[in-house]
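Structural features, examined
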Amino acid sequence: MSAPARAAVRTAPTLAVDLSAVAENTRRFVRAVPGEVMAVVKADGFGHGLAAVARTAVANGATWLGVTSLAEGVAVRAAGVNEPVLSWLNPVEVEVAAAARHRIDLAVPSLRHLDAIAAAQHHVRIHLQLDTGMARDGAAPDEWASLMAAARRAEVAGRVTVVGIMGHLAMAAWPGHPANSRGTEEFLRGVAMAERSGLRPAVRHLAATAATLTLPSAHLDMVRIGAGLVGIDPSDSASLRRALRLTTPVAQVRRVEAGVGIGYGHTRVTCRPTTLALLPLGYADGLPRSASGRAQVLVAGRRCPVVGVISMDQTVVDVGECPVEPGDEAVVFGPGDGEPTVDEWAAWAGTIPHEIVTGIGSRVSRSVR
Ligand SMILES: *Cc1c(COP(=O)(O)O)cnc(C)c1O
């Protein structure tokens, strides 16, 4: 390899985030829906950086931010974002004062949450959270009437303002599944109930990425887009742009004979003389151990198999007869110019791309452009 090319190689494992992909994906969703787009930046912006993704999404037309915990909402404010923020999973004893101080809306999934929030010294905006067929977060249908009546009482008493009502669909990644239309109808039934209770939630929101792409009847006033912003399409119906590239310099290169056992448990024994390249990345850095024996990495422009088990801090790649030297760049995954993609890693590990992108460890340095 020539000297200038070698000089361009980074000296440590690096996760490069391409914000132009996030920008393009955001604009695509903004164009595709009649209402507003909430950028969901939970879990550190799906591993792409909460502040960077939040700012990029807002600069490209998103008008709301969505997060799981209140602490993530505070991080959105710390990033200088002024748009409305909604946090949807908090304990009953959520710090209402902090939500009020940082202007963060709270989702309310139960009467107990509502009572605690209404009893606090601070006024907050809330979104009633209905469980529309997941048996997960949100109020179960048999609690909706009492939750809505109590929310209306709290609103009349000046304790809260009900600005939104939200649901979530379990089967949106399977377009055409009857649970999607059923969940949508359930949600609209909930909206009608809320209105009969005297509530006027201005923002009705149900769809996440998959439903936004495949179920226009679920678009309503706003859609909540997380995976789609970073190029993941659970419905496999759109081509979005991937934003991550994980690279590392090769740490060490070793020539071995046939019959050599590799790594813990010798799960792989060489059947011919070959060259092994060591990567300083392992499952603590987010390379799933369950992908051992299937995964590939791009080294010296060629896809080479990962051999032996991925260990906590290191991974061995069989580069065969390729001329590879320590310091050469290995591409673990990227947007798909020959190198493996996040989808391939997910398939090798028996999981979904979301788990790969949110699992990259903290000791991998980040570079955002
Ligand atoms: C994570 C999440 C989203 C975003 O879902 P994507 O499929 O990643 O777009 C939307 N709404 C809720 C309630 C979520 O938890």
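One numbering rule holds for all chains: residues counted from 1, following each sequence as written. Selection of residues for local features in this predicted model requires a pLDDT of at least 70, selection of side-chain atom pairs for listing and counting requires 80 or more, and totals for whole chains, interfaces and linings are taken over all residues. Heavy atoms from the whole structure form the basis of all side-chain values; hydrogens and water molecules are not counted.

Turning next to the sheet that holds strand β1 (residues 14-17). One open sheet accounts for nine strands, arranged β11-β14-β17-β16-β15-β18-β10-β1-β19; its pairing is mixed. Every other strand in the sheet has two partners, leaving β11 (252-256) and β19 (365-368) as the edge strands with one partner each. Adjacent strand axes in the sheet meet at a mean angle of 35 degrees when their direction is disregarded. At least two DSSP bridges between two strands are required for those strands to pair. Secondary structure elements are taken from DSSP: a helix is a run of H or I of four residues or more, a strand is a run of E of two residues or more, and numbering for both begins at the N terminus. One ladder, built from four bridges, connects strand β15 (residues 296-299) with strand β16 (residues 302-307); its direction is antiparallel. Note that in β16 the partner of L298 across the bridge is R303. The angle between two axes is taken between their N-to-C directions and runs from 0 to 180 degrees, where each axis is a line fitted to C-alpha atoms and a helix contributes only its stretch in contact.

Counting buried residues along strand β6 (residues 124-129), five of its six residues qualify, which places the element largely inside the surrounding structure. Here three bridges tie strand β5 (residues 104-108) to β6, and the two strands are oriented parallel to one another. Its bridge partner lying in β6, V108 is registered against L128. Inspection of the sheet shows β6 paired to strand β7 (residues 160-166) by six bridges, in the parallel sense. Type-normalised accessible area, obtained with a 1.4 Å probe on protein chains alone, sets the label of each residue: buried when under 20%, exposed when over 50%, and partly exposed for intermediate values.

This next bit is on the domain arrangement of the chain. Each domain of the chain was delimited in the assignment, giving domain 1 (19-230) and domain 2 (243-368). Domain start and stop points were drawn from an automatic or database domain assignment. Computed over C-alpha atoms, the centres of domain 1 and domain 2 are 38 Å apart. Approximately 660 Å² of surface area, both sides summed, lies buried where domain 1 meets domain 2, with 72% of it carried by carbon and sulfur atoms. When the buried area of domain 1 at its contact with domain 2 is split by residue, F46, G47 and H48 rank highest and sum to 54% of it. One side-chain nitrogen of Lys or Arg within 4 Å of one carboxyl oxygen of Asp or Glu is enough to make a salt bridge. Where domain 1 packs against domain 2, one counts zero salt bridges. We define a polar contact as two N or O atoms separated by no more than 3.5 Å, with the added condition that, inside protein, one atom must be a possible hydrogen donor and the other a possible acceptor, whereas residues neighbouring each other in sequence contribute only through side-chain atom pairs. Across the domain 1-domain 2 interface, the total number found is zero residue pairs in polar contact (both at pLDDT 80 or more). The quantity reported as buried area is the accessible area (1.4 Å probe) lost by two parts once they are put together, taken as the sum for both.

In this section: the state of the cysteines. In this description, the term disulfide denotes a pair of cysteine sulfurs within 2.5 Å. According to the stated counting rule, one finds zero disulfides in the structure shown. This cysteine, C271, is not joined by any disulfide, and C304 carries the nearest cysteine sulfur, 15 Å off. Here C322 is not cross-linked by a disulfide; its sulfur's nearest cysteine counterpart is in C304, at 5.1 Å. For C322, a relative accessible area of 10% gives the class buried.

F333 and W345 are the most contacted members of the largest nonpolar core, which totals 111 residues. For this core, the element with the highest residue contribution is helix α8 (residues 144-156), accounting for six residues. The criterion used for residue contact is that any of the two residues' heavy atoms lie within 4.5 Å. Each residue touching F333, except ones within four places of it in the same chain, is listed here: L15, L244, R245, L246, E339, P340, T341, V342, W345, I356 and I360. In plain words, nonpolar cores are sets of buried Ala, Val, Leu, Ile, Met, Phe, Trp, Tyr and Cys residues tied together by side-chain atoms within 4.5 Å. The next biggest cluster of nonpolar side chains, apart from the first, holds six residues, and it includes I262, L276, L278 and V316.

Turning next to the layout of surface pockets. Size it by volume and the largest pocket reaches roughly 980 Å³. Within this scheme a cavity is a closed region of a 1 Å grid, computed over the protein atoms alone, that accommodates a 1.4 Å probe without allowing it to escape, whereas a pocket is open but has protein on both sides within 12 Å along at least five of seven lines; lining residues each have an atom within 4 Å of a point. As for the largest pocket, its lining consists of 43 residues, and the residues nearest its centre are H168, A208, A227, P234 and H354. Among the elements that line the lining of the largest pocket, the one with the most residues is helix α10 (residues 209-214), at three residues. Polar here means any residue outside two lists: the nonpolar Ala, Val, Leu, Ile, Met, Phe, Trp, Tyr, Cys and Pro, and the charged Asp, Glu, Lys and Arg; Gly therefore counts as polar. Looking at side-chain class alone, the lining of the largest pocket contains 24 nonpolar, ten polar and nine charged residues. Together, 13 residues line the second largest pocket, and R254, I262, L276, L278 and V316 are the ones closest to its centre. At four residues, the largest contribution of residues to the lining of the second largest pocket is made by β11. Here the residues of the lining of the second largest pocket sort into eight nonpolar, four polar and one charged. Grid points are joined across faces, edges and corners, and a volume is the space filled by probe spheres set on the points.

Moving on: the environment of N60. Within the secondary structure layout, N60 lies in the loop between α4 (50-59) and β3 (64-67). A relative accessible area of 16% places N60 in the buried class. Distance from N60 to A23, taken between C-alpha atoms, is 5.9 Å for residues 37 residues apart in sequence. Setting aside residues up to four positions removed in sequence, N60 forms contacts with A23, T26, R27 and V30.

Quick look at helix α7 (residues 111-119) now. Taken as a whole, α7 has its buried residues at H113, L114, I117 and A118. Down the axis of α7, the sector holding all buried residues measures 125 degrees, keeping them to one side. Residues of α7 that are exposed and angled more than 90 degrees away from the buried face: R112 and A119. Between the side-chain oxygen of the N-cap and the backbone nitrogen of R112 there are 3.3 Å, and the N-cap of α7 in question is S110. Of all possible arcs, the one meant is that of the directions from the helix axis to the C-beta atoms.

When we look at burial in helix α5 (residues 70-78), the residues that qualify are L70, E72, G73, V76 and R77. The arc enclosing the buried residues of α5, seen along the axis, measures out at 155 degrees, which places them on a common side. Seen from the buried face of α5, the exposed residues on the opposite side, beyond 90 degrees, are A71 and A78. Structurally, α5 contributes buried residues whose contacts are with α3 (42-47), α4, β3, β4 (85-87), α6 (96-101) and β5. Just downstream of α5 lies G80, where phi reads positive at about 85 degrees.

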